[in-house]
Amino acid sequence: MFSFCTDPSILTGWQWMSCYLTTGKHMSIYISVFTVLLLLAITAPVALAFGFGGASAARSNLAPLRWFGKSYIAIVRGVPDIAFFLFFVIALDQGIEYLRHKAMCPEWSEPIWQGNDFVVCQAAKMPLGNSPQWVHETYGFSLAVLTFAIVFGAFAANVLFGAMRAVPRAQLETAEAYGMTERQTFWRILVPQMWVYALPGLSNLWMVLIKSTPLLFLLGVEDIVYWARELGGTKTPRFTDYPHGDWRMWYFLALLVFYLAFTRVSEIVLERVMRRLTRGQATAGGEAQRKAPA
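Rules and cut-offs
- Residues numbered from 1 in each chain as written.
- Predicted model: local features only at pLDDT ≥ 70, side-chain atom pairs only at ≥ 80, totals over all residues.
- Heavy atoms only, no water.
- Helix = DSSP H or I, 4+ residues; strand = E, 2+ residues; numbered from the N terminus.
- Expected span 1.5 Å × (residues − 1).
- Buried < 20%, exposed > 50% of the residue type's maximum accessible area, 1.4 Å probe, protein only.
- Arc of directions from axis to C-beta.
- Contact = heavy atoms within 4.5 Å.
- Core = buried A, V, L, I, M, F, W, Y, C linked by side-chain atoms within 4.5 Å.
- Phe/Tyr/Trp six-rings, centres within 6.5 Å; stacked < 30°, edge-to-face > 60°.
- Disulfide = S-S within 2.5 Å.
- pLDDT = per-residue confidence, 0-100.

Caption draft 1: Geometry of helix H3 (residues 63–78). Taking 1.5 Å of rise per residue, 16 residues should cover 22 Å, and H3 covers 22 Å from first to last C-alpha, within 8% of that figure. Taken together, the buried positions of H3 are occupied by Gly-69, Tyr-72, Ile-73 and Val-76. Along H3, the residues classed as buried sweep out an arc of 95° about the axis, all on the same side. Relative to its buried face, H3 has exposed residues pointing more than 90 degrees away, namely Pro-64, Trp-67, Ile-75 and Gly-78. Packing partners of the buried residues in H3 comprise helix H2 (24–58), helix H4 (81–104) and helix H5 (133–166).

Dropping the structure here:
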(Lines give C-alpha, C1' and ligand atoms only; values in the text may rest on other atoms or scores of the structure.)
Protein backbone atom coordinates (compact mmCIF):
# COMPACT_ATOMS: atom_id res chain seq x y z
CA MET A 1 0.00 0.00 0.00
CA PHE A 2 1.12 3.56 -0.67
CA SER A 3 2.89 5.44 2.15
CA PHE A 4 0.30 8.22 2.18
CA CYS A 5 -2.47 5.71 3.02
CA THR A 6 -1.71 5.76 6.75
CA ASP A 7 -4.42 8.34 7.44
CA PRO A 8 -7.36 7.88 5.02
CA SER A 9 -9.24 10.83 6.53
CA ILE A 10 -6.88 13.37 4.91
CA LEU A 11 -6.86 11.78 1.45
CA THR A 12 -8.65 13.27 -1.53
CA GLY A 13 -9.35 12.30 -5.11
CA TRP A 14 -7.06 9.75 -6.72
CA GLN A 15 -5.11 9.20 -3.50
CA TRP A 16 -8.24 7.97 -1.72
CA MET A 17 -9.16 5.74 -4.64
CA SER A 18 -5.62 4.37 -4.93
CA CYS A 19 -5.55 3.49 -1.27
CA TYR A 20 -9.05 2.04 -1.41
CA LEU A 21 -8.22 -0.25 -4.33
CA THR A 22 -5.07 -1.58 -2.66
CA THR A 23 -6.50 -2.59 0.72
CA GLY A 24 -6.16 -6.14 1.97
CA LYS A 25 -9.83 -6.75 1.21
CA HIS A 26 -9.35 -5.71 -2.40
CA MET A 27 -6.42 -8.07 -2.78
CA SER A 28 -8.98 -10.85 -2.31
CA ILE A 29 -10.85 -9.92 -5.49
CA TYR A 30 -7.59 -9.74 -7.43
CA ILE A 31 -6.64 -13.18 -6.16
CA SER A 32 -10.11 -14.47 -7.06
CA VAL A 33 -9.48 -13.44 -10.69
CA PHE A 34 -6.43 -15.71 -10.64
CA THR A 35 -8.59 -18.43 -9.05
CA VAL A 36 -11.09 -18.23 -11.91
CA LEU A 37 -8.34 -18.35 -14.54
CA LEU A 38 -6.69 -21.28 -12.77
CA LEU A 39 -10.01 -23.12 -12.60
CA LEU A 40 -10.50 -22.67 -16.35
CA ALA A 41 -6.92 -23.72 -17.12
CA ILE A 42 -7.30 -26.95 -15.14
CA THR A 43 -10.96 -27.73 -15.82
CA ALA A 44 -10.81 -27.38 -19.62
CA PRO A 45 -8.31 -30.22 -20.26
CA VAL A 46 -9.81 -32.38 -17.50
CA ALA A 47 -13.34 -31.92 -18.91
CA LEU A 48 -12.00 -32.66 -22.40
CA ALA A 49 -10.46 -35.88 -21.04
CA PHE A 50 -13.81 -36.82 -19.47
CA GLY A 51 -15.51 -36.00 -22.75
CA PHE A 52 -13.08 -38.03 -24.84
CA GLY A 53 -13.49 -40.99 -22.50
CA GLY A 54 -17.27 -40.67 -22.56
CA ALA A 55 -17.41 -40.40 -26.35
CA SER A 56 -15.05 -43.34 -26.81
CA ALA A 57 -17.13 -45.40 -24.42
CA ALA A 58 -20.39 -44.42 -26.17
CA ARG A 59 -19.10 -45.79 -29.50
CA SER A 60 -17.51 -48.91 -28.01
CA ASN A 61 -18.35 -52.35 -29.33
CA LEU A 62 -18.68 -53.60 -25.73
CA ALA A 63 -22.31 -53.18 -24.69
CA PRO A 64 -21.70 -52.42 -20.96
CA LEU A 65 -19.10 -49.79 -21.84
CA ARG A 66 -21.37 -48.31 -24.50
CA TRP A 67 -24.29 -48.16 -22.07
CA PHE A 68 -22.08 -46.48 -19.47
CA GLY A 69 -20.89 -43.83 -21.94
CA LYS A 70 -24.35 -43.02 -23.23
CA SER A 71 -25.82 -43.00 -19.72
CA TYR A 72 -23.13 -40.58 -18.52
CA ILE A 73 -23.88 -38.22 -21.40
CA ALA A 74 -27.66 -38.42 -21.01
CA ILE A 75 -27.88 -38.20 -17.22
CA VAL A 76 -25.43 -35.35 -16.63
CA ARG A 77 -26.72 -33.31 -19.58
CA GLY A 78 -30.29 -33.83 -18.38
CA VAL A 79 -29.72 -32.47 -14.88
CA PRO A 80 -29.60 -28.65 -14.37
CA ASP A 81 -26.04 -27.55 -13.61
CA ILE A 82 -26.95 -25.82 -10.37
CA ALA A 83 -28.78 -28.91 -9.07
CA PHE A 84 -25.86 -31.16 -10.00
CA PHE A 85 -23.37 -28.83 -8.34
CA LEU A 86 -25.34 -28.77 -5.10
CA PHE A 87 -26.04 -32.51 -5.07
CA PHE A 88 -22.71 -33.88 -6.26
CA VAL A 89 -20.48 -31.84 -3.96
CA ILE A 90 -22.54 -32.73 -0.87
CA ALA A 91 -22.77 -36.40 -1.88
CA LEU A 92 -19.06 -36.68 -2.68
CA ASP A 93 -17.99 -34.87 0.48
CA GLN A 94 -20.21 -37.03 2.69
CA GLY A 95 -19.17 -40.17 0.82
CA ILE A 96 -15.48 -39.46 1.47
CA GLU A 97 -16.14 -38.73 5.15
CA TYR A 98 -18.30 -41.85 5.49
CA LEU A 99 -15.53 -44.11 4.14
CA ARG A 100 -12.91 -42.42 6.32
CA HIS A 101 -15.22 -42.76 9.32
CA LYS A 102 -15.65 -46.51 8.78
CA ALA A 103 -11.92 -47.01 8.35
CA MET A 104 -10.60 -44.71 11.11
CA CYS A 105 -13.31 -44.87 13.78
CA PRO A 106 -14.51 -48.51 14.02
CA GLU A 107 -15.31 -48.05 17.72
CA TRP A 108 -17.92 -45.36 16.99
CA SER A 109 -21.27 -46.51 18.33
CA GLU A 110 -23.56 -43.54 17.60
CA PRO A 111 -25.54 -43.38 14.34
CA ILE A 112 -23.98 -41.33 11.57
CA TRP A 113 -27.32 -39.89 10.56
CA GLN A 114 -28.84 -38.05 13.50
CA GLY A 115 -32.00 -36.48 12.17
CA ASN A 116 -30.91 -34.09 9.42
CA ASP A 117 -27.32 -34.00 10.68
CA PHE A 118 -24.47 -36.03 9.20
CA VAL A 119 -22.11 -36.72 12.11
CA VAL A 120 -18.74 -38.48 11.83
CA CYS A 121 -15.75 -38.58 14.15
CA GLN A 122 -13.30 -35.69 14.02
CA ALA A 123 -10.56 -37.87 12.53
CA ALA A 124 -12.80 -38.57 9.52
CA LYS A 125 -13.48 -34.93 8.69
CA MET A 126 -12.33 -33.92 5.24
CA PRO A 127 -10.31 -31.84 5.62
CA LEU A 128 -9.52 -31.99 9.34
CA GLY A 129 -10.86 -29.18 11.49
CA ASN A 130 -7.35 -28.18 12.60
CA SER A 131 -5.93 -28.14 9.07
CA PRO A 132 -4.44 -24.87 7.78
CA GLN A 133 -6.71 -22.57 5.80
CA TRP A 134 -4.93 -23.33 2.53
CA VAL A 135 -5.84 -27.01 2.92
CA HIS A 136 -9.55 -26.14 3.20
CA GLU A 137 -9.30 -23.83 0.19
CA THR A 138 -7.40 -26.41 -1.89
CA TYR A 139 -9.94 -29.09 -1.02
CA GLY A 140 -12.86 -26.85 -2.01
CA PHE A 141 -11.10 -25.85 -5.23
CA SER A 142 -10.42 -29.51 -6.09
CA LEU A 143 -14.09 -30.37 -5.60
CA ALA A 144 -14.99 -27.46 -7.84
CA VAL A 145 -12.63 -28.63 -10.61
CA LEU A 146 -13.98 -32.19 -10.41
CA THR A 147 -17.60 -31.04 -10.48
CA PHE A 148 -17.09 -28.68 -13.41
CA ALA A 149 -15.12 -31.37 -15.26
CA ILE A 150 -17.85 -33.99 -14.85
CA VAL A 151 -20.62 -31.62 -15.94
CA PHE A 152 -18.87 -30.09 -18.92
CA GLY A 153 -17.21 -33.41 -19.73
CA ALA A 154 -20.67 -34.81 -20.51
CA PHE A 155 -21.36 -31.98 -22.96
CA ALA A 156 -17.89 -32.41 -24.48
CA ALA A 157 -18.56 -36.14 -24.82
CA ASN A 158 -21.71 -35.43 -26.79
CA VAL A 159 -19.83 -33.04 -29.08
CA LEU A 160 -16.94 -35.47 -29.62
CA PHE A 161 -19.29 -38.38 -30.19
CA GLY A 162 -20.99 -36.44 -32.98
CA ALA A 163 -17.60 -35.38 -34.39
CA MET A 164 -16.41 -38.99 -34.50
CA ARG A 165 -19.52 -39.96 -36.44
CA ALA A 166 -19.00 -37.02 -38.83
CA VAL A 167 -15.64 -38.32 -40.07
CA PRO A 168 -16.35 -39.84 -43.50
CA ARG A 169 -16.71 -43.60 -43.33
CA ALA A 170 -14.62 -43.90 -46.51
CA GLN A 171 -11.59 -42.65 -44.58
CA LEU A 172 -11.92 -45.46 -42.06
CA GLU A 173 -12.56 -48.07 -44.74
CA THR A 174 -9.44 -46.97 -46.60
CA ALA A 175 -7.38 -47.39 -43.43
CA GLU A 176 -8.82 -50.87 -42.93
CA ALA A 177 -8.06 -51.73 -46.56
CA TYR A 178 -4.42 -50.79 -45.97
CA GLY A 179 -4.32 -53.30 -43.12
CA MET A 180 -4.57 -50.96 -40.14
CA THR A 181 -5.95 -52.44 -36.97
CA GLU A 182 -9.02 -50.98 -35.29
CA ARG A 183 -6.80 -49.26 -32.72
CA GLN A 184 -4.54 -47.78 -35.40
CA THR A 185 -7.53 -46.56 -37.40
CA PHE A 186 -8.96 -44.89 -34.31
CA TRP A 187 -5.80 -43.05 -33.28
CA ARG A 188 -4.27 -42.29 -36.69
CA ILE A 189 -7.35 -41.58 -38.81
CA LEU A 190 -10.44 -40.92 -36.71
CA VAL A 191 -9.03 -38.85 -33.84
CA PRO A 192 -6.90 -36.44 -35.94
CA GLN A 193 -9.80 -35.72 -38.30
CA MET A 194 -12.59 -35.39 -35.77
CA TRP A 195 -11.28 -32.16 -34.24
CA VAL A 196 -12.29 -30.04 -37.20
CA TYR A 197 -15.88 -31.19 -36.69
CA ALA A 198 -15.71 -30.92 -32.91
CA LEU A 199 -14.14 -27.48 -32.53
CA PRO A 200 -17.30 -25.39 -33.20
CA GLY A 201 -19.16 -27.26 -30.46
CA LEU A 202 -16.18 -27.20 -28.12
CA SER A 203 -15.81 -23.45 -28.73
CA ASN A 204 -19.37 -22.87 -27.58
CA LEU A 205 -18.76 -25.12 -24.60
CA TRP A 206 -15.68 -23.09 -23.64
CA MET A 207 -17.74 -19.90 -23.70
CA VAL A 208 -20.41 -21.51 -21.52
CA LEU A 209 -17.70 -22.70 -19.12
CA ILE A 210 -16.37 -19.15 -18.80
CA LYS A 211 -19.86 -17.85 -18.03
CA SER A 212 -20.45 -20.62 -15.48
CA THR A 213 -17.54 -19.70 -13.23
CA PRO A 214 -19.80 -17.49 -11.02
CA LEU A 215 -21.33 -20.78 -9.82
CA LEU A 216 -18.14 -21.28 -7.82
CA PHE A 217 -19.78 -19.66 -4.81
CA LEU A 218 -22.16 -22.65 -4.64
CA LEU A 219 -19.11 -24.85 -4.09
CA GLY A 220 -17.73 -22.73 -1.27
CA VAL A 221 -15.10 -20.94 -3.37
CA GLU A 222 -14.94 -17.16 -2.99
CA ASP A 223 -14.93 -16.06 -6.62
CA ILE A 224 -14.96 -12.62 -8.22
CA VAL A 225 -18.76 -12.36 -8.14
CA TYR A 226 -18.76 -13.01 -4.40
CA TRP A 227 -16.16 -10.33 -3.77
CA ALA A 228 -17.83 -7.85 -6.14
CA ARG A 229 -21.02 -8.16 -4.14
CA GLU A 230 -19.15 -8.07 -0.84
CA LEU A 231 -16.91 -5.08 -1.62
CA GLY A 232 -19.52 -3.14 -3.59
CA GLY A 233 -22.12 -3.13 -0.85
CA THR A 234 -22.59 -0.05 1.33
CA LYS A 235 -19.79 0.40 3.86
CA THR A 236 -20.04 2.69 6.89
CA PRO A 237 -17.18 4.31 8.86
CA ARG A 238 -17.92 1.91 11.69
CA PHE A 239 -16.59 -1.04 9.70
CA THR A 240 -14.00 0.44 7.34
CA ASP A 241 -11.55 3.30 6.88
CA TYR A 242 -12.94 3.77 3.37
CA PRO A 243 -16.72 4.24 3.69
CA HIS A 244 -18.82 4.45 0.55
CA GLY A 245 -22.36 3.94 -0.70
CA ASP A 246 -23.75 1.11 -2.77
CA TRP A 247 -21.11 0.64 -5.47
CA ARG A 248 -22.18 -2.83 -6.62
CA MET A 249 -23.19 -1.51 -10.04
CA TRP A 250 -19.62 -0.36 -10.71
CA TYR A 251 -18.11 -3.61 -9.48
CA PHE A 252 -20.43 -5.68 -11.65
CA LEU A 253 -19.75 -3.36 -14.57
CA ALA A 254 -16.05 -4.16 -14.14
CA LEU A 255 -16.94 -7.87 -14.17
CA LEU A 256 -18.93 -7.33 -17.35
CA VAL A 257 -15.90 -5.77 -19.04
CA PHE A 258 -13.65 -8.57 -17.74
CA TYR A 259 -15.85 -11.35 -19.09
CA LEU A 260 -16.46 -9.60 -22.42
CA ALA A 261 -12.72 -9.05 -22.91
CA PHE A 262 -11.92 -12.63 -21.95
CA THR A 263 -14.50 -14.10 -24.31
CA ARG A 264 -13.30 -11.83 -27.13
CA VAL A 265 -9.73 -13.04 -26.70
CA SER A 266 -11.04 -16.61 -26.65
CA GLU A 267 -12.91 -16.02 -29.93
CA ILE A 268 -9.74 -14.75 -31.63
CA VAL A 269 -7.67 -17.72 -30.43
CA LEU A 270 -10.34 -20.27 -31.36
CA GLU A 271 -10.77 -18.72 -34.80
CA ARG A 272 -7.04 -19.12 -35.49
CA VAL A 273 -7.10 -22.71 -34.25
CA MET A 274 -10.08 -23.43 -36.50
CA ARG A 275 -8.28 -22.01 -39.54
CA ARG A 276 -5.28 -24.18 -38.82
CA LEU A 277 -7.35 -27.34 -38.36
CA THR A 278 -9.39 -26.84 -41.55
CA ARG A 279 -6.32 -26.26 -43.72
CA GLY A 280 -6.22 -29.02 -46.32
CA GLN A 281 -9.42 -30.64 -45.04
CA ALA A 282 -12.34 -31.57 -47.29
CA THR A 283 -14.67 -29.20 -45.46
CA ALA A 284 -16.28 -25.85 -46.26
CA GLY A 285 -13.58 -24.06 -44.29
CA GLY A 286 -10.81 -26.01 -45.98
CA GLU A 287 -12.22 -25.38 -49.45
CA ALA A 288 -12.51 -21.66 -48.69
CA GLN A 289 -8.85 -21.53 -47.72
CA ARG A 290 -7.82 -23.49 -50.82
CA LYS A 291 -9.69 -21.14 -53.16
CA ALA A 292 -8.57 -17.96 -51.39
CA PRO A 293 -5.97 -15.90 -53.30
CA ALA A 294 -2.41 -16.41 -52.10
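This is not the end of the story, as more comes after the structure.
Caption draft 2: Quick peek at the nonpolar core. Phe-148 and Met-194 are the most contacted members of the largest nonpolar core, which totals 63 residues. If you tally residues by element for this core, the top one is H5, at 17 residues. Beyond its immediate stretch of four places on either side in the chain, Met-194 contacts Phe-52, Leu-160, Ala-163, Met-164 and Val-167. The next biggest cluster of nonpolar side chains, apart from the first, holds 6 residues, and it includes Ile-112, Phe-118, Val-120 and Cys-121.

Caption draft 3: Inspection of the packing of aromatic side chains at higher detail. Applying the stated criterion to the full structure yields 9 aromatic pairs. Considering the side-chain rings of Phe-148 and Phe-152, the 6.0 Å spacing of their centres and the 5° angle between planes classify their relative orientation as stacked. With Phe-148 and Phe-152 both in helix H5 and 4 residues apart, the pair spans about one turn of that helix. Assessed through its relative accessible area of 0%, Phe-148 is described here as buried. The exposure class assigned to Phe-152 is buried, which follows from its relative accessible area of 3%.

Caption draft 4: The arrangement of the side chain of Thr-263 in detail. Note that Thr-263 resides in helix H9 (residues 248–278). Taking the relative accessible area as the measure of exposure, Thr-263 reaches 16% and is therefore buried. Discounting chain neighbours no more than four positions away, the residues touching Thr-263 are Met-207 and Ile-210.

Caption draft 5: Structural context of the state of the cysteines. A complete count under the given rule lists 1 disulfide for this structure. There is a disulfide in this structure between Cys-105 and Cys-121, and the S-S distance comes to 1.8 Å. Across the disulfide from Cys-105 to Cys-121, rotation about the S-S bond amounts to roughly 75°, and the bridge is consequently right-handed. Taken together, the positions of Cys-105 in the loop between H4 and strand S1 (113–114) and Cys-121 in the loop between strand S2 (117–118) and H5 put the pair 16 residues apart, joining distant regions of the chain. We classify Cys-105 as buried; its relative accessible area is 7%.

Caption draft 6: The confidence of the model for the protein chain, seen in detail. Taken as a whole, the protein chain shows an average pLDDT of 82; of its residues, 89% reach a score of 70 or greater. Mean pLDDT values over the elements of the protein chain span from 47, in helix H10 (residues 284–291), up to 91, in H3. Within the model, pLDDT remains below 50 along residues 284–290, and this stretch shows 7 contacts once partners closer than five positions in the same chain are excluded.

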